[in-house]
Amino acid sequence: MATVDTGCPVLEAGVSSCPRVPQQAEIAVFAADSGKPITTVRTGEDGRFAIDLPPGSYELRGKNVSGQPFPTAMPVPVVIDPGQYAEISLEFDSGVRGVPAGP
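Residues numbered from 1 in each chain as written. Predicted model: local features only at pLDDT ≥ 70, side-chain atom pairs only at ≥ 80, totals over all residues. Heavy atoms only, no water.

(A) Quick peek at the overall build of the protein. When helices and strands are tallied, the protein shows zero helices and ten strands. Overall, the protein shows an N-to-C arrangement of helices and strands of β-β-β-β-β-β-β-β-β-β. Looking at the protein as a whole, 31% of its 103 residues qualify as buried. Sequence-distant contacts in the protein: of pairs separated by 6 or more residues, those separated by 24 or more amount to 48%. Summed over all atoms, the accessible surface of the protein reaches about 6800 Å², with 54% contributed by carbon and sulfur. (Helix = DSSP H or I, 4+ residues; strand = E, 2+ residues; numbered from the N terminus. Buried < 20%, exposed > 50% of the residue type's maximum accessible area, 1.4 Å probe, protein only. Contact = heavy atoms within 4.5 Å. Areas by Shrake-Rupley, 256 points an atom, 1.4 Å probe, with all protein chains shown as cover.)

(B) Geometry of the environment of S89. Here S89 is to be found in the loop between β8 (76-80) and β9 (90-93). Distance from S89 to V76, taken between C-alpha atoms, is 8.4 Å for residues 13 residues apart in sequence. Residues within four places of S89 in sequence aside, it is in contact with M1 and V76.

(C) Looking closely at the pattern of salt bridges. The final tally for this structure, using the stated rule, is two salt bridges. Between R61 and E59 there is a salt bridge whose closest N-O contact spans 2.6 Å. (Salt bridge = Lys/Arg side-chain N within 4 Å of Asp/Glu carboxyl O.)

(D) The arrangement of the sheet that holds strand β1 (residues 2-5) in detail. With respect to topology, four strands assemble into an open sheet ordered β3-β1-β9-β7, the strand pairing being mixed. Of all strands in the sheet, those bounded by a partner on one side alone are β3 (20-22) and β7 (72-73). Note that β1 and β9 share three bridges and pair parallel. Bridge assignment links A2 to a residue of β9, and that residue is L90. (Pairing = 2+ DSSP bridges.)

(E) View of the nonpolar core. Grouped together as the largest cluster of nonpolar side chains are 16 residues, with contacts concentrated most on I27, F49, L60, V78, I88, L90 and F92. Elements supplying a minimum of two residues to this core: β1, β4 (25-31), β6 (56-64), β8 and β9. Once residues lying within four places of it in the same chain are set aside, the contact partners of I88 are M1, F49, L60, V76 and V78. (Core = buried A, V, L, I, M, F, W, Y, C linked by side-chain atoms within 4.5 Å.)

The following block contains the structure:
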């Protein structure tokens, strides 16, 4: 699932991060060993995606589809074991940094 932090500029007391919400994105899959592109899929509005891949090592790269520079996502390494599914969290960064609320 692809998510993004909500970019809350002020954090409530005792809260260390902003809540996360679904992020619509394009997900590109690359072979981990060669960097060769394998496939690309788009998430649904709910941030969910499914990709059928054979066992192996991959890197998933999320692309923001809004046309804006943010949010961005770091690549995620993924290993698919034979006969298994993998649940992947692709976390986008809104670029907004929260500061603690005043006393």
